[in-house]
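Observations on the model geometry
Next come the chains, spelled out residue by residue.
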Amino acid sequence: MTRTTRTTRGALAALLFAAALAALALTGCTQPAAPEAAPEPAAPAAAFPVTITDDASRSVTIAARPEKIVSLAPANTETLFAIGAGDRVVGVTSYDDYPAEVADIAKVGDFSGPNLEAVAAADPDVVFVTTGVQADVIGKLEALGATVVAIDPTTLDGVYEAIGEVGQVTGNTAEADKLVADMKAKADEIATKVASAEKTTAFIEIGQNPLFTAGAATLLGDLIVRAGGANVVAEPGYVSYSAEQLVKANPAVYLATKTSATDAATVAKRPGYDGLAAVKDGRVVILEDNLVSRPGPRIVEGLEQIAVGLHPDAFGQ
Amino acid sequence: MDLGRNTRAVPALIALAVALVVTVIAAIALGAVRVPAAEVVAAIGRGLTGQAGGMADTLIVGIRLPRVLLAALVGAALAVAGCIFQALFRNPLADPYILGVSSGAGLGAVLALTATATVTGVRFGAVPAAAFVGALLTLMLVVRLASLRGRLDTVSLLLAGVAVSYTLAALTSFVQVFAREQMATLVFWMMGGLGAASWPYIAVVGPMTAVGGVAAIAMGRELNLMLLGDERAGQLGLDVERFKRVSLLVASLLTAAAVAVAGLIGFVGLMVPHMVRLVVGPDHRVLVPASMLGGAIMLVVSDLIARTILAPVEIPVGIVTAIAGGPFFVWLLVRGERR
């Protein structure tokens, strides 16, 4: 009960701090008047208005080609840049770190969600959000006059679709189609390499203390299957998992994201892990979080990391 | 003290001890993975003789056994600490975290998480160590602040504890803003849990709980006197100042040990002493050992539920202690009223 009070205090402190940050953002980086939108060379024949159904099952109509875009998820930002709409992005979150150009774009949100004042200051035509924690703010963002599109794929096919949607919304459909085609080619190439290999049992750690993993119906779970693996976790979603069950399932490969486990040696030292086949055989694979967990264009690189981890032979390693 | 109640003390203590043994055996036998009883015994046997090797051995000796024992130790430590704090402050709402232990440990943990995020290897041991140091430093600061005006009185202690606690909690939130990648770890650390249990932890918490527990049991008579108030206790021959320092040290060590390995597990330290008091009465010579046993039982059972009810998915143990413990406490209260 004392703890509840303290947590509330903590949240309050965080809120106050966020407010202070917003004040800084507003005074510190005054928005220059939006430059006249230069007509894009070889403008794709995207017809506006377009209507799409987003990942929050909302039907969204985009009246005209958006000139100012805010992205509230790093994956969306990566997609926007990859399909040539990066020059129209006027706001991102402080999580965004790719491509390098995002460093110069105004930050309009952080871990506590979008800062509505900062988003308003960016005056976007379209805001790309993710679902889950951001589901609550969709209405608030719409009240600012922006069209809101939720993107939250949980499979690789879903990522392709999402990129197609981002293409439609921005009018860069041709580039989006090309990007998806390239990604599919890469994924197919990986699929071919691992096709003949036997399925490798795998476990993926995304958090420790408690041990957290991705089961079925998650993007990571889908990537494991596509990389020629069999996830030992059948439970759906992201769950806190029993170490006992892990020992019993005894996966051949132990995958772990970098933010959860710094390196393979650390993982091997965990209590009870010395009996794991993956540890004994030196098959603990550390994955780059941003590649395997962002449902954007680089997800196929994440897929490759997992595939190489599961089937090093197939990749000549 | 009240002899009528004390006649119930010995049977109650024996019953609790038997219940603890039964609970521990059940908790070792049951888990996310079904292991036949004979295999459990054999695995423990191989573990004792240093021949462990197979899957069942890793599972029982490497994971389940240390977890059950750690649950018992942490539960016992928290309940005894709660007992001492409640008597010292003559406040039924005092818990092991009352003097800012939680905030101090929290700040230590966040700093360790932030500092070791990119440092290889050290993180596993750094977080509990930092939490422990944070908890102890906070307590030392609080006690020092409270005794600035000479006497170490209860109100000053509480006020100093609250002030330091809020300040540290705010600092923790501030650091969190910059360490958001560690947020999830921290949130779960705050919820508390025994998932990290291992033999090295037992080697640390075991002796601390044993020493603290024995010391607390030996302080039973003095704790009874403290209930009468500082002045009256002094008149009856107790060196109140000295006793406060010693008992605070004991309770703090117990709390810090528990926090370091299991995070912040709520409810046990606050409620177990009350539950036990309803059964064995207010005499600390009985209450302290009974709380020790009761706390161990409660956390072992709660953790058993936490790791099996949705197996192989685990839920935070703090949820179980509160959901199961709250109604149980109400039942004890109602039963007591009716009598």
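Here the structure is a predicted model, which is why all the values come from computation and not from measurement.

Counting secondary structure elements, chain A contains 12 helices and 14 strands. Every one of the 317 residues in chain A was classed for burial, and the buried ones make up 47%. Taking the contacts inside chain A whose residues are at least 6 apart along the sequence as the reference set, 61% of them involve residues at least 24 apart.

This part is about the nonpolar core. With 199 residues, the main nonpolar core has V74(B), A77(B), V80(B), I84(B) and V300(B) as its most contacted residues. Here this core takes 24 residues from helix 3 (residues 55–88) of chain B, the largest share from any one element. Of the residues that make up this core, three or more belong to each of domain 1 (41–179) and domain 2 (196–315) of chain A. Setting aside anything within four residues of it in sequence, one finds V74(B) in contact with V205(B), A258(B), V261(B), A262(B), I265(B) and L299(B).

All names here are of chain A. Each assigned domain of chain A is listed with its residue range as follows: domain 1 (41–179) and domain 2 (196–315). A C-alpha centroid distance of 30 Å is found between domain 1 and domain 2. On the side of domain 2, 13 residues touch domain 1, which itself brings 14 residues to the contact. Residue assignment for the side of domain 1 that touches domain 2 shows that the elements contributing at least two residues are helix 2 (74–82) and helix 5 (156–170). Per-element tally for the side of domain 1 that touches domain 2: the top contributor is helix 2, with 5 residues. Here the residues of the side of domain 1 that touches domain 2 sort into 10 nonpolar, 3 polar and 1 charged.

Our next topic: helix 12 (residues 268–280) of chain B. At 3.6 residues per turn, the α-helix brings residues three or four places apart onto the same side. All names here are of chain B. The end-to-end C-alpha separation of helix 12 is 17 Å, in line with the 18 Å expected for 13 residues at 1.5 Å each. Within helix 12, 10 of the 13 residues are buried, leaving the element largely enclosed by the surrounding structure. Inspection of helix 12 places V268, G269, L270, M271, V272, P273, M275, V276, R277 and V280 among the buried residues, and these make up the whole buried set. Positive backbone phi, approximately 90°, marks G281, located one or two places after helix 12.

This part takes up unusual backbone geometry. Most of the time, phi is negative for any residue but glycine, and the peptide bond is trans. Backbone torsion omega between Y98(A) and P99(A) reads -10°, so that peptide bond is classified as cis. Secondary-structure assignment places P99(A) in the loop between strand 4 (89–93) and strand 5 (107–110). Here the residue pair A311(B) and P312(B) is connected by a cis peptide bond, since its omega of 5° sits within 30 degrees of zero. Relative to the assigned elements, P312(B) resides in the loop between helix 13 (284–308) and helix 14 (317–338). The backbone phi angle of N250(A) is positive, close to 45°, even though this residue is not glycine. Note that N250(A) resides in the loop between helix 8 (243–249) and strand 13 (253–257).

What follows deals with the interface of chain B and chain A. Contacts between the two partners involve 45 residues from chain B, matched on the other side by 33 residues from chain A. Residue assignment for the side of chain B that touches chain A shows that the elements contributing at least two residues are helix 3, helix 4 (101–116), helix 5 (123–146), helix 6 (154–178) and helix 7 (183–191) of chain B. A class-by-class count of the residues in the side of chain B that touches chain A yields 24 nonpolar, 14 polar and 7 charged.

Let us now look at the sheet that holds strand 4 of chain A. Residues and elements named next belong to chain A. Read from one edge to the other, the open sheet built from 6 strands follows the order 6-5-4-3-7-8, with strand pairing classed as mixed. Every interior strand has two partners, whereas the edge strands, strand 6 (113–114) and strand 8 (147–150), have only one. Pairing geometry for strand 3 (residues 69–71) and strand 4, over 2 bridges, is parallel. Within strand 4, the residue paired with I69 across the bridge is V89.

All names here are of chain B. Among the secondary structure elements, I319 is positioned in helix 14. Residue classification places I319 among the partly exposed positions, given that 17 C-beta atoms sit within 10 Å. Here the alpha-carbon distance between I319 and I309, two residues 10 residues apart in the chain, equals 12 Å.

So, on to the packing of helix 12 of chain B against helix 13 of chain B. Residue and element names in this part refer to chain B. Where helix 12 contacts helix 13, the two axes come as close as 9 Å, and the packing angle between them is 125°. Relative to helix 13, the element helix 12 is oriented oblique. At the point where helix 12 passes helix 13, the crossing takes the right-handed sense. Two secondary-structure elements touch here, helix 12 through V268, V272, P273, M275, V276, R277 and V280 and helix 13 through V286, L287, A290, S291, G294, G295, M298 and L299. Of the residues in the contact of helix 12 with helix 13, the class split is 11 nonpolar, 3 polar and 1 charged.

Conventions adopted
- Residues numbered from 1 in each chain as written.
- Chains lettered and ligands numbered in written order.
- Predicted model: local features only at pLDDT ≥ 70, side-chain atom pairs only at ≥ 80, totals over all residues.
- Helix = DSSP H or I, 4+ residues; strand = E, 2+ residues; numbered from the N terminus.
- Buried ≥ 20, exposed ≤ 12 C-beta atoms within 10 Å, placed from the backbone.
- Contact = placed C-beta atoms within 7 Å.
- Core = buried A, V, L, I, M, F, W, Y, C linked by C-beta atoms within 7 Å.
- Domains from an automatic or database assignment.
- Nonpolar A, V, L, I, M, F, W, Y, C, P; charged D, E, K, R; others polar.
- Expected span 1.5 Å × (residues − 1).
- Pairing = 2+ DSSP bridges.
- Axes fitted to C-alpha atoms, helices over the stretch in contact; angles between N-to-C directions.
- Parallel < 35°, antiparallel > 145°, perpendicular 65-115°, else oblique.
- Left-handed = near helix turned anticlockwise from the far one by under 90°.

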